[in-house]
Amino acid sequence: MTKFRREHDSVGEMDILENAYYGANAKRAEENFPITGLKADDKFLDAMVEVKKAAAFENEKLDLISKEQKDAIVYACDKILAGEYRDNFIVDPIQGGAGTSYNMNTNEIIANIANEKLGGGLGVYDKVHPNDDVNKGQSTNDVIPTSGKIALVRYFIELKDECEKLLKSFEKKADEFKDVYKMGRTQLQDAVPISLGQEFNAYHSVIKRDYKRIQKAIDELSNVNLGATAIGTGLNADRTYVKEIVGVLKDVTGLDLKQAEDLVDGTQNLDGFLYASSILKTFAVSLSKISNDLRLMSSGPQTGIGDINLPVRQAGSSIMPGKINPVIPEVVSQVAFAVCGNDTTVTMAVEAGQLELNAFEPVIFYKLFESLRALKGAIYTLRVNCIDGITANKELLLEEVEQCVGLVTALAPHIGYEKSSKIAHKAQESGKTVREIVLEEKLLGEDELDRILDFKKMITPGILEEDKLEEK
Ligand SMILES: N[C@@H](CC(=O)O)C(=O)O
């Protein structure tokens, strides 16, 4: 038979599972928020526990808790950080109350582990109290934003590392394809020549900017408001504690954290989260544009564009034998759509702050963690299962570019737009190449035409100008 213990909180009495390490506040929150069916993010849990550990160190240093209490709290924190007691975190990630239930749940678990360590019973809290001791000098309103930022910084660091690998892959492909000439297309119509290497180099360039922006998000999120307590005035926290706590947290987390210059601002304004979200959205959109290109360029294989081949990853169809689909770019685009949707949620939540607090941090964290996890997975699979294995249809591309009427654009500076247009029409009507028509009509000599239609020169900015200077 399931056994319960009777516990109380400021609202009344509650039955709690006899062996549970959470308490009445967490239990009430579990009942109040049956939303996602999920539990707190592990990185976020770690961060909350690290905040509690840092606070215990500082509170003991200032003689605000005893050494015995500090040791027991630190013991409890280390156990949780090592992966124990995790199933006692029972509150849904989307919750009302500005994260108070997360904070209470954490305080209760730590207090129960600490009490037990000191020879006490579960739910008694006589040796270490969840609010008086574990939460000493803190409020949900500084603990939760600080913990969210720590978790986000760690997610962003992971994303940055994965992004660096993606950059190397694009760099390699740009080099591998530097002599693969093809027609560039604008508005889905033939334009002028380019190399496939230049296209991959452009992918590298945009992702490099995203990479730099990820570092900016890390810098922004490293400003935390711990020490602010309820509204940024530091009420109920020792003055020295307020000054020193972020330094201690820095040591506990190993992260380069800074205390917000204005703790009142740091408690009510969540623009830093929106900034980080918009950086993720920008990154996601860059990735989706690249994915669109990959799907278009690999379309076919027989009746599509067919510039490149994506690696075969899985059977494409349950009904059409042999069909292969561009599943990796497809998944990356879907991640991008989800990240854009999450950014809208974050935008609305950040906008909804009122006076001294914004109560909507739980959904902000939930969405940002989801975006960060999905983006990391997306760029991993994009690199390993797609980019690294792309091959080019070099001969076909060369044939196409040689035949393409679009080459006529390179003649315009030499014979003028009008004559060039006529050549274009003739080429389209007759099926002859631009080169053939120019020679037939003796508009340019063969040597000059060779020089003008040299693909290497056509794709290198500035080279035509140098030619003109040489001519003079
Ligand atoms: N979030 C709470 C404060 C706290 O839990 O510390 C409030 O402002 O109502």
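The residue count restarts for each chain, going from 1 along the sequence in the order it is written. For a predicted model such as this one, the threshold for reporting local features is a pLDDT of at least 70, and the threshold for listing and counting side-chain atom pairs is 80 or more; totals across whole chains, interfaces and linings nevertheless cover every residue. Note: side-chain values were computed over all heavy atoms of the structure, leaving out hydrogens and water.

Asker: Looking at this model, I keep getting lost on the UniProt feature "domain: Fumarase C C-terminal" (unreviewed entry) in the chain. Mind explaining?
Answerer: UniProt positions are given in the numbering used here, feature names are shortened, and annotations may be inferred rather than shown by experiment. This chain's UniProt record puts "domain: Fumarase C C-terminal" (unreviewed entry) on residues 407–459. As annotated, residues 407–459 comprises 68% helix and 0% strand, and the C-alpha atoms at either end are separated by 11 Å. Helical segments are the DSSP runs of H or I of at least four residues, strand segments are the runs of E of at least two, and each set is numbered from the N terminus.

Asker: Before we go on, may I ask you to explain the UniProt feature "domain: Fumarate lyase N-terminal" (unreviewed entry) in the chain in this structure?
Answerer: UniProt marks residues 15–341 with the feature "domain: Fumarate lyase N-terminal" (unreviewed entry), using the numbering shown here. Segment residues 15–341 splits into 59% helix and 7% strand. End C-alpha atoms: 39 Å apart.

Asker: In this structure, what is going on with unusual backbone geometry? I would like to understand it.
Answerer: Leave glycine aside and you will find that most residues have negative phi; peptide bonds, for their part, are mostly trans. The omega torsion across Gly-300 and Pro-301 is 5°, close enough to zero to call that bond cis. As for its position among the elements, Pro-301 is in the loop between α10 (271–297) and β7 (308–309). Unlike most non-glycine residues, Asp-63 shows phi in positive territory, near 60°. Residue position: Asp-63 is located in the loop between α2 (42–61) and α3 (67–81). The classification of residues rests on relative accessible area computed with a 1.4 Å probe and restricted to protein chains. Under 20% of the type maximum is buried, over 50% is exposed, and intermediate values are partly exposed. Judged by its relative accessible area of 69%, Asp-63 is exposed. With phi around 75°, Asn-236 is a residue other than glycine that occupies positive phi space. Here Asn-236 lies in the loop between β5 (223–224) and α8 (239–253).

Asker: Would you explain the packing of α2 against helix α4 (residues 100–117) in this entry?
Answerer: In a packed pair of helices, the relevant descriptors are the angle between the two axes and the axis-to-axis distance. Fitting a line to C-alpha atoms yields each axis, with helices limited to the stretch in contact; the angle taken between N-to-C directions then spans 0 to 180 degrees. As a packed pair, α2 and α4 sit with axes 11 Å apart at the nearest point and diverge in direction by 65°. Crossing angle aside, the handedness with which α2 passes α4 is right-handed. Contact residues: Phe-44, Met-48, Val-49 and Lys-52 in α2; Tyr-102, Asn-103, Thr-106, Asn-107 and Ile-110 in α4. Should the near helix be turned anticlockwise from the far one by less than a right angle, the crossing is left-handed, and should it be turned clockwise, the crossing is right-handed. Here a residue-residue contact requires only that any non-hydrogen atoms of the pair lie within 4.5 Å.

Asker: Help me understand a positive patch on the surface, please; the structure alone is not making it clear to me.
Answerer: Note that patches include only residues with greater than 30% relative accessible area and no salt bridge, and the join distances are 9 Å for like charges and 5 Å for nonpolar side chains (Val, Leu, Ile, Met, Phe, Trp, Tyr). Accessible surface is estimated by sampling points in the Shrake-Rupley manner with a 1.4 Å probe; for residues, cover comes only from the protein chains shown. Any Lys or Arg side-chain nitrogen found within 4 Å of a carboxyl oxygen on Asp or Glu counts as a salt bridge. His residues and chain termini do not enter the charge count, which takes Lys and Arg as positive and Asp and Glu as negative. A charge is said to be at NZ when it belongs to Lys, at CZ for Arg, at CG for Asp and at CD for Glu. On the surface, Lys-208, Arg-209, Lys-212 and Lys-216 cluster together to form a positively charged patch. Along the chain, Lys-216 turns up in helix α7 (residues 196–221).

Asker: Any chance you could explain α4 here in plain terms?
Answerer: Residue pairs three or four apart in sequence face the same way in an α-helix, which turns once every 3.6 residues. Between its terminal C-alpha atoms α4 stretches 26 Å, which fits the 26 Å expected from 18 residues at 1.5 Å a residue. Within α4, 14 of the 18 residues are buried, which leaves the element mostly enclosed by the surrounding structure. One or two steps after α4, the chain reaches Gly-119, where phi turns positive at roughly 90°. Under the convention used throughout, the expected extent of a helix is 1.5 Å for every residue step, that is, one less than its residue count.

Asker: Is there a simple way to explain the site of the ligand in this structure?
Answerer: Every residue lining the ligand is accounted for by Gly-97, Thr-100, Ser-139, Thr-140, Asn-141 and Leu-357. Between the ligand and Thr-100 there is a distance of 2.9 Å, counted from a nitrogen atom to a side-chain nitrogen or oxygen. Notes on the ligand: free accessible area 280 Å², of which the protein chains cover 58%. Basically, the charged four are Asp, Glu, Lys and Arg, the nonpolar ten are Ala, Val, Leu, Ile, Met, Phe, Trp, Tyr, Cys and Pro, and anything else, Gly included, counts as polar. Of the residues that constitute the shell around the ligand, the class distribution is 1 nonpolar, 5 polar and no charged. One heavy atom suffices: a residue is near a molecule or strand as soon as one of its heavy atoms comes within 4 Å of it. Nitrogen and oxygen atoms within 3.5 Å of one another constitute a polar contact, given that in protein one can donate a hydrogen and the other can accept it, and given that sequence-neighbouring residues count only through two side-chain atoms.

Asker: Where do I start with the pairing of strand β2 (residues 12–17) in this structure?
Answerer: For a regular strand, the rule is simple: side chains alternate between the two faces of the sheet. Two strands qualify as a pair provided that DSSP identifies no fewer than 2 bridges between them. Where strand β1 (residues 4–9) lies against β2, 6 bridges are found, and the strand directions are antiparallel. Residue pairing in the sheet places Asp-9 in a bridge with Gly-12 of β2. Hairpin geometry of β1 and β2 is characterised by an intervening segment of 2 residues between the two adjacent antiparallel strands.

Asker: Whenever I open this one, the state of the cysteines confuses me. Can you help?
Answerer: Linking two cysteines covalently through their sulfur atoms gives a disulfide. In plain terms, two cysteine sulfur atoms within 2.5 Å form what is called a disulfide here. For the structure on display, the rule yields 0 disulfides. Not engaged in a disulfide, the cysteine Cys-340 finds its nearest cysteine sulfur in Cys-163; these two sulfurs lie 16 Å apart. The class of Cys-340 is partly exposed, set by a relative accessible area of 23%. Cys-386 takes part in no disulfide bond, and the closest cysteine sulfur, belonging to Cys-163, lies 16 Å away. The class for Cys-386 is buried, based on a relative accessible area of 1%.

Asker: Got a minute to help me understand the packing of aromatic side chains in this structure?
Answerer: The relative placement of two aromatic rings is captured by the distance of their centres and the angle of their planes. Note on aromatic pairs: the rings of Phe, Tyr and Trp (six-membered ring only in Trp) are paired at centre separations within 6.5 Å, and the planes decide the class, stacked below 30 degrees, edge-to-face beyond 60, tilted for the rest. With the rule as written, the count across this model stands at 12 aromatic pairs. Seen from their ring centres, Phe-200 and Tyr-203 are 5.3 Å apart, and the 75° between their planes marks the pair as edge-to-face. Within this pair, Phe-200 and its partner Tyr-203 are both found in helix α7, separated by 3 residues, close to a single helical turn. Each member of the pair Phe-200 and Tyr-203 is classed as buried. The side chain of Lys-43 reaches across the aromatic face of Tyr-155, ending 4.4 Å from its centre. The rule for a charge over a ring is simple: NZ of Lys or CZ of Arg within 6 Å of the ring centre, and within 35 degrees of the ring normal. Stacked on the ring of Tyr-75, the Lys or Arg Lys-117 has its end atom at 4.3 Å from the ring centre.

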